[in-house]
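# Coordinates in review
This is what each chain is made of:
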Amino acid sequence: MKEGFKKNLILNIIIIMLCIILFFMTLTFMAEVADYQRVYKMGEESLINCVRYQDYDSLVEYMYRNEARGEAVSGDMEELYAVAHYYENAVLYQAYKKAGNQNEAQRKYEKMEEYKEWMGEYSFAEEDITLLLGITE
């Protein structure tokens, strides 16, 4: 009888320890999910760095992230957003052109020209983007 009692006690202790571990793992999981769902604002400096390092994919992502959060546009952000829109339309222009859809390609090219006028002091990015994407037109 004593042997069964010891065995039962050891198993109960193991079960309690596993429950404690499970509890803390659940708390950690919930904190990770909450952090994952948080959307961070990308400031003007982050956007400038994207242009500086020719990371235009991230620039487009950050622009949409800020727009989705309803962040106010301040400083050079309007011009940086124009660069992001220019890049996005340039990528789509190339895609439509390669797919043979000249009508859509022309629409995207017109949008590119429109956003080029809004780039302001970041207009140098136009040349970087056209070289990066191999746009010859």
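Conventions we followed
Residues numbered from 1 in each chain as written. Predicted model: local features only at pLDDT ≥ 70, side-chain atom pairs only at ≥ 80, totals over all residues. Heavy atoms only, no water. Salt bridge = Lys/Arg side-chain N within 4 Å of Asp/Glu carboxyl O. Helix = DSSP H or I, 4+ residues; strand = E, 2+ residues; numbered from the N terminus. Buried < 20%, exposed > 50% of the residue type's maximum accessible area, 1.4 Å probe, protein only.

This part takes up the pattern of salt bridges. Applying the stated rule across the entire model yields five salt bridges. A salt bridge links Glu104 to Arg107; the nearest nitrogen and oxygen atoms lie 2.5 Å apart. Here the residue Glu104 and the residue Arg107 both occupy positions in helix H5 (residues 102–116), the gap between them amounting to three residues, near one helical turn. By relative accessible area, which is 49% here, Arg107 ends up partly exposed. Each of Glu113, Lys116 and Glu126 takes part in a single network of salt bridges with overlapping partners.

Moving on to unusual backbone geometry. Although it is not a glycine, Gln54 sits at a positive phi angle of roughly 55°. Within the secondary structure, Gln54 is located in the loop between helix H2 (44–52) and helix H3 (56–69). The class of Gln54 is partly exposed, set by a relative accessible area of 39%.

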